[in-house]
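Below, each chain spelled out in residue letters.
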Amino acid sequence: MTTTSERRVGHRICPLCESTCGLLVELDGRRISGVAPNPSDLMSAGHSCAKGLGLGRIEGDPDRIRTPLLRTAEGDFREASWDEAFAEINRRLPEFVSGDPGSCAIYHGNPAAHHLDATFYLGELIAALGTRNIYSPASVDTWPKNLAQMLLYGTGLGLTLPDIDRTDYLLILGSNPLVSNGSTVTAPGMEGRLRALRERGGTVVVVDPVRTRTAEVADLHVPIRPGTDALFLLGVLSVIATEGLTRPDRIPAVVDGLEEMLALASDYVPSAVAQACGIDVELITAVARGFANASAAVAHSRIGTCMQEFGTLANWLVEVLTIVTGNLDRPGGAMFSLPAAGGQNTWPVTRPPKLMFDRWRSRVRDLPEAMGELPAVCFAEEILTPGPGRTRALITLAGNPARSLPNSDAIEKALDAVEFMVSVDCYLNETTRYADVILPPPPLVTRGHHDVTLSHFQIRNVARYTPPLLELADDELSEWQILLRLAAIAKGTPDRAVEELDDEVAAVATRRAAKLAGCDPEQALRATGSRRGPDRLLDLRLRSGPYGDRFDVDSGGLTLALLEANPNGIDYGPLTSRIPEVLRTPNGRINLTPDMITADLPRLRESLRPPDDGLLLINRRQRRGMNTWLHNALPQPDSGQCALLIGPADAAQRGLVDGDRVAVASQVATVSAEIRIDTSLRPGVVSMPHGWGHDGRGLRTAAAASAPGTNYNALVDDHTQLEALTASPIFNGVPVSVTRMDEEYH
Ligand SMILES: Nc1nc2c(c(=O)[nH]1)N[C@H]1C(S)=C(S)[C@@H](COP(=O)(O)OP(=O)(O)OC[C@H]3O[C@@H](n4cnc5c(=O)[nH]c(N)nc54)[C@H](O)[C@@H]3O)O[C@H]1N2
Ligand SMILES: Nc1nc2c(c(=O)[nH]1)N[C@H]1C(S)=C(S)[C@@H](COP(=O)(O)OP(=O)(O)OC[C@H]3O[C@@H](n4cnc5c(=O)[nH]c(N)nc54)[C@H](O)[C@@H]3O)O[C@H]1N2
Ligand code: SF4
Ligand SMILES: [Mo]
């Protein structure tokens with residue numbers, strides 16, 4: 001591949017968000033000189049956004065780390081060679097592996113879910129460290145949804161998807177895809193899809209405390225009080241139960257507990273829940289009838305329903321609503337994808353499946369594991385609480401817990417207290433400033449891209465791969481190489497060649513793939529030829545996956561080579577019915593009323609009281625942002641982007657006017673913000689964006705630090721206010737007081 005200064009254009013799937021848009025990237029030498037949407041991409045068909053089109057600026061950001069950094073005796077950082085950096089890690093890390101097993105934790109952040117390196121090689125590092133102290137944003141993001149679906153369908157990842165392109169009624173709860181571009185659903189160009197849905201006579205309903213951009217384009221907006229989705233859904237289900245609107249003829253035969261479920265819901269008639277939800281009885285009834293009477297209907301829930309007090313209940317009821325109205329596993333309803341590289345919902349069950357929840361618990365607070373990780377609210381206390389088993393060392397990969405986890409103050413204290421810390425990251429930011437060694441990822445365009453995880457969320461079965469556009473330069477290491485070298489150090493074999501380690505990983509993957517494909521491992525190994533690294537592992541997964549060639553057995557079957565020859569993707573068509581084969585529950589059936597979930601209903605019932613008149617803080621996303629990390633490369637155009645939005649009545653009640661500077665106080669901290677009066681919020685609700693607060697010493701993010709913004713997560717409690725089943729923090733619906741700053745000082 002050429003790396004000279006000639007210009008050329010290549011395909012690249014955008015790695016920034018779950019839309020996975022196909023882009024055309026122009027390179028001038030090693031520099032990204034232009035980015036355009038790819039109109040021929042079979043998933044995104046020309047959709048993109050300012051972030052994807054800004055990849056050149058993101059990659060070219062002068063503040064981006066390109067050379068390993070080592071902490072100096074003075075507490076600053078200096079550039080170092082890779083050998084020096086690994087030598088330092090080898091000097092310090094082994095103590096926390098063999099000397100004090102399990103005392104090194106890992107935090108892997110959002111971008112790690114968007115590349116093959118971490119997908120395939122992070123497990124090697126985790127195994128080498130022998131630690132159960134593993135954290136990621138999943139526990140602040142999706143766990144309530146994962147758990148609800150795990151209990152209903154058997155896997156936490158093979159989630160149901162809203163078949164948006166074929167539905168007649170789409171009920172969106174707690175998501176604003178016109179800004180976020182969607183989550184746990186990969187459907188690029190959501191605005192166009194919603195428009196098409198309405199143009200074919202369908203209905204879009206948005207349940208959100210804010211009349212968001214998505215609510216603006218909907219037929220109906222339900223301005224719910226934060227945290228009351230479970231009550232609202234029970235109200236809807238009670239109407240369906242009493243009016244006999246279920247569709248037993250369309251409910252799969254494997255569904256158990258319909259009568260019990262309807263009896264449970266009957267207790268929550270609309271008039272009983274309306275006041276707590278802050279919405280009219282008529283609206284609840286209208287949604288129930290509209291949903292149940294549509295020829296195809298589906299509910300889709302996301303972050304607003306997860307980061308709240310009753311997250312698992314809400315996400316369970318979303319599925320129940322879809323199931324009892326006869327919309328599970330049918331076109332236009334909730335369906336399962338068939339991901340090209342396979343996964344939890346395609347691999348055969350070889351033994352009674354075990355629930356990937358609560359298999360072990362955290363040391364300090366005895367909180368349950370989910371899908372191999374501990375709740376992120378344990379992160380700080382596991383470091384700060386003395387005693388055997390304390391976390392003493394930390395590796396972060398593509399994450400910024402200092403700004404993305406709750407109670408930032410505790411998180412930063414913990415990062416400061418860690419005895420040794422390595423960060424694999426491209427910025428010196430609020431988290432990595434505490435590291436002893438920072439290892440930079442290589443340029444994005446040196447990576448091949450296929451979304452192993454996100455293809456579980458695609459609303460159409462399309463397989464895509466975009467190859468690396470550049471080879472690694474001499475002074476660059478890929479993240480999979482970094483991960484394998486860290487694993488080698490952790491295993492006490494720092495000098496082993498990465499190639500040899502990679503062959504070992506591939507040998508295990510080959511045996512597994514051969515078994516899946518029903519062929520000889522030798523044949524599988526031969527078929528992958530000279531491929532190495534993530535590409536080889538991907539080829540193994542694709543060829544043993546649902547469309548695979550089973551290693552030259554089915555000619556025309558899927559291979560990585562076939563995807564390379566089709567950079568716009570290969571279309572395997574719309575989602576198809578997969579029940580019962582997709583189910584991974586112990587008895588292969590769907591129990592509508594799992595005990596673990598229904599045991600939480602008394603807590604919900606207790607919440608059925610008239611709301612007080614305090615303010616609840618909720619979160620909003622911004623179009624140019626990506627959690628904490630794009631503010632440096634893509635500054636926000638609007639200086640008021642971090643403002644606290646407040647409704648006119650709530651502002652008037654507190655004597656506040658637009659532009660006032662206010663103190664926002666929660667039970668853990670007080671921050672200051674400027675207010676903007678905004679009519680899109682329901683009364684009693686204020687909103688701020690997350691990911692800001694680029695302040696404090698030692699940052700190397702000049703643009704972000706020049707407009708640091710307010711840190712939302714300083715306000716969020718990591719202890720008393722948690723979702724009961726998963727211990728997810730409650731980012732949405734934080735009780736706060738808002739007072740004018742000058743009042744405080746006079
Ligand atoms: N531009 C941009 N895009 C992003 C990101 C980003 O930071 N910026 N982050 C990415 C990530 S990591 C994720 S996980 C996804 C998330 O994608 P989404 O789930 O779409 O997230 P949000 O846009 O925050 O939408 C959540 C909505 O829930 C509402 N809400 C708050 N509380 C409640 C409640 O109690 N009930 C209900 N029904 N609604 C409530 C909020 O008002 C908000 O409109 O976005 C991704 N895309
Ligand atoms: N209040 C509030 N808090 C929230 C949320 C919210 O809605 N409200 N959302 C939550 C959600 S959904 C999520 S997913 C989390 C996100 O939480 P995190 O994943 O911790 O935060 P990000 O800002 O996504 O962190 C990205 C990090 O990866 C680095 N990075 C970027 N690209 C690469 C790469 O290619 N390789 C490597 N090694 N590093 C890279 C960046 O420099 C940055 O440090 O935040 C959560 N926190
Ligand atoms: S919508 Fe998401 S995937 Fe598409 S260009 Fe924007 S950031 Fe990238
Ligand atoms: Mo997320």
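The rules behind each value
- Residues numbered from 1 in each chain as written.
- Chains lettered and ligands numbered in written order.
- Predicted model: local features only at pLDDT ≥ 70, side-chain atom pairs only at ≥ 80, totals over all residues.
- Heavy atoms only, no water.
- Pairing = 2+ DSSP bridges.
- Helix = DSSP H or I, 4+ residues; strand = E, 2+ residues; numbered from the N terminus.
- Buried < 20%, exposed > 50% of the residue type's maximum accessible area, 1.4 Å probe, protein only.
- Polar contact = N/O pair within 3.5 Å; in protein donor to acceptor, adjacent residues only side chain to side chain.
- Axes fitted to C-alpha atoms, helices over the stretch in contact; angles between N-to-C directions.
- Near = heavy atom within 4 Å.
- Areas by Shrake-Rupley, 256 points an atom, 1.4 Å probe, with all protein chains shown as cover.
- Domains from an automatic or database assignment.
- Salt bridge = Lys/Arg side-chain N within 4 Å of Asp/Glu carboxyl O.

1. A few points about the pairing of strand β3 (residues 31-37)
- Examined bridge by bridge, strand β2 (residues 22-28) and β3 share six bridges and lie antiparallel to one another. Each bridged residue has a counterpart across the sheet, and for Leu-27 the counterpart in β3 is Ile-32.
- Hairpin connection from β2 to β3: two residues lie between these consecutive antiparallel strands, with Gly-29 at a positive phi of about 65°.

2. A short note on helix α6 (residues 143-153)
- Counting buried positions over the eleven residues of α6 gives eleven, a clear majority of the element.
- Residues Trp-143, Pro-144, Lys-145, Asn-146, Leu-147, Ala-148, Gln-149, Met-150, Leu-151, Leu-152 and Tyr-153 constitute the buried set of α6.
- Taken from the residues just after α6, Gly-154 is the one with a positive phi, measuring 105°.

3. A look at the side chain of Lys-145
- Considering the arrangement of structural elements, one finds Lys-145 in helix α6.
- Of note is the side chain of Lys-145, whose polar atom sits 2.8 Å from the backbone oxygen of Ser-301.

4. Remarks on the sheet that holds strand β25 (residues 661-665)
- Spatial strand order, β23-β27-β24-β26-β25-β28: six strands in a closed barrel with mixed pairing. The mean inter-strand angle of the sheet, taken between neighbouring strand axes irrespective of direction, is 45°.
- The sheet contact formed by strand β23 (residues 615-620) and strand β27 (residues 685-689) spans five bridges and is parallel. Its bridge partner being in β27, Asn-619 is matched across the sheet by Met-688.

5. Notes on the site of ligand 1
- Near ligand 1 lie 31 residues; those nearest to it are Ser-175, Ser-180, Asp-208, Asp-229 and Gln-622.
- Within the backbone of Ile-303, an N or O atom sits 3.2 Å from an oxygen atom of ligand 1.
- A distance of 2.8 Å is found between a nitrogen atom of ligand 1 and a backbone nitrogen or oxygen belonging to Gly-625.
- Alone, ligand 1 offers 930 Å² of accessible surface; in the complex the protein occludes 97% of this.
- Put simply, the parts of the chain that give the shell around ligand 1 at least two residues each are α7 (177-180), α14 (303-306) and β23.
- Two domains share the shell around ligand 1, each providing at least three of its residues, namely domain 2 (163-340) and domain 3 (612-740).

6. Side note on the pattern of salt bridges
- What the rule picks out here adds up to 49 salt bridges.
- Asp-502 is the salt-bridge partner of Arg-536, the closest N and O atoms lying 3.2 Å from each other. Here the residue Arg-536 occupies a position in helix α22 (residues 533-543), and Asp-502 occupies one in helix α20 (residues 498-517), the gap between them amounting to 34 residues.
- Arg-536 sits in the buried class, given a relative accessible area of 4%.
- Asp-502 sits in the buried class, given a relative accessible area of 1%.
- With a shortest N-O distance of 3.0 Å, Arg-543 and Asp-552 are connected by a salt bridge.
- What you see here is one network of salt bridges that share partners, running through Arg-531, Asp-539, Arg-543, Asp-549, Asp-552 and Glu-564.

Just geometry here; none of it tells us what the structure is for.
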